[in-house]
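# Residue-level structural notes
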Amino acid sequence: DAGITQSPRHKVTETGTPVTLRCHQTENHRYMYWYRQDPGHGLRLIHYSYGVKDTDKGEVSDGYSVSRSKTEDFLLTLESATSSQTSVYFCAIREDRGPVTDTQYFGPGTRLTVL
Amino acid sequence: SQKIEQNSEALNIQEGKTATLTCNYTNYSPAYLQWYRQDPGRGPVFLLLIRENEKEKRKERLKVTFDTTLKQSLFHITASQPADSATYLCASRASSASKIIFGSGTRLSIRP
């Protein structure tokens, strides 16, 4: 599982409240990603990071922000949650060394429900 | 825009038959294609990678092909088993080297 954990694993919150999801890795990978997965849409990239304090937007970044102050942690924040952000969120790292470069390893996911 | 499409949302086949899943890409030329397996309630797990200069790659009962003329990859599971039932995702690096894009997946069901 490449040492990736996500917390919390499940969260129910109300519209308008801030929510932060945490992704933690133990293997010092440079690239980290946040995806959301919804029926009929597959995995869609929200934001990604290519190093400490280096982040960029994905295809569905509106309403989300990220921070990476340490190599091992990548935080996803919903500043003011909306019902359209109800989804399953996956964190991933990208292997960037060795023979399987570019392989992504995913965390277990966080199921977020916004009421 | 660059797209990866998996045309079949779901595929049901009899145990023992070969399952064949399709992945098509448009508006770019990926250097490789990857296949992942995802079980319900879990994150995707990497299975195989095939590069543009490779026609075919095998791993146990899995076989992947890459046809740059058809802009397509095929993923085969031979002698399929109920335990192979899962969603299978195709993925590739976008032209921006940092991003990897995914197809929406094909849900494969193997009936005994």
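All of the points below concern the structure found in this document. All values reported here derive from a predicted model rather than from experimental measurement. (Residues numbered from 1 in each chain as written. Chains lettered and ligands numbered in written order. Predicted model: local features only at pLDDT ≥ 70, side-chain atom pairs only at ≥ 80, totals over all residues. Heavy atoms only, no water.)

## Here's the deal with the side chain of A:His47
Residues and elements named next belong to chain A. To keep it simple, the criterion reads: Going along the chain from the N terminus, every DSSP run of H or I of four or more residues is numbered as a helix, and every run of E of two or more is numbered as a strand. Buried, partly exposed and exposed residues are distinguished by accessible area as a fraction of the type maximum, computed with a 1.4 Å probe on protein chains only: under 20%, between the cut-offs, and over 50%, respectively. N or O atoms closer than or at 3.5 Å make up a polar contact, with two conditions inside protein: a donor-capable atom paired with an acceptor-capable one, and, for residues adjacent in sequence, both atoms drawn from side chains. In this analysis, two residues are considered to be in contact whenever any of their non-hydrogen atoms come within 4.5 Å of each other.
By the secondary structure assignment, histidine 47 is in strand E5 (residues 42-51). Residue classification places histidine 47 among the buried residues on the basis of a relative accessible area of 6%. At 3.1 Å, the side chain of histidine 47 and the backbone oxygen of tyrosine 64 are in polar contact. Among residues more than four places away in sequence, those in contact with histidine 47 are Tyr33, Trp34, Asp56, Lys57, Gly58, Ser61, Tyr64, Ser65, Val66 and Phe74.

## Focus on the sheet that holds strand E6 (residues 56-59) of chain B
Residue and element names in this part refer to chain B. For the record, the criterion: One requirement defines pairing of two strands: DSSP has to find at least two bridges between them. Each axis is a line fitted through C-alpha atoms, taken for helices only over the stretch in contact, and angles between the N-to-C directions span 0 to 180 degrees.
Within the open sheet, the five strands sit side by side as E1-E3-E8-E7-E6. Their pairing is antiparallel. Each edge of the open sheet is held by one strand with a lone partner, namely strand E1 (3-5) and E6. Between one strand axis and the next, the sheet turns by 15 degrees as a mean value, whatever way the strands run. Bridge count for strand E3 (residues 19-26) against strand E8 (residues 72-77) is six bridges, and the pairing is antiparallel. Looking at E8, one finds that cysteine 23 is bridged to serine 73.

## Let's talk about the interface of chain B and chain A
What counts, and what does not: Take the accessible area each of two parts loses on contact, using a 1.4 Å probe, and add the two losses: that sum is the buried area. We define a salt bridge as a side-chain nitrogen of Lys or Arg found within 4 Å of a carboxyl oxygen belonging to Asp or Glu. Gly is put with the polar residues, along with every residue not named as nonpolar or charged; the nonpolar set is Ala, Val, Leu, Ile, Met, Phe, Trp, Tyr, Cys and Pro, and the charged set is Asp, Glu, Lys and Arg.
Tallying the contact residues gives 21 residues for chain B and 22 residues for chain A. Here chain B and chain A share an interface that buries about 1500 Å² over both sides, 52% of which is from carbon and sulfur atoms. One can count zero salt bridges joining chain B with chain A. Sorting the residues of the side of chain B that touches chain A by element identifies strand E4 (32-38), strand E5 (45-51), strand E9 (86-93) and strand E10 (100-102) of chain B as the ones contributing at least two each. Here the side of chain B that touches chain A is built from residues that sort into nine nonpolar, eight polar and four charged.

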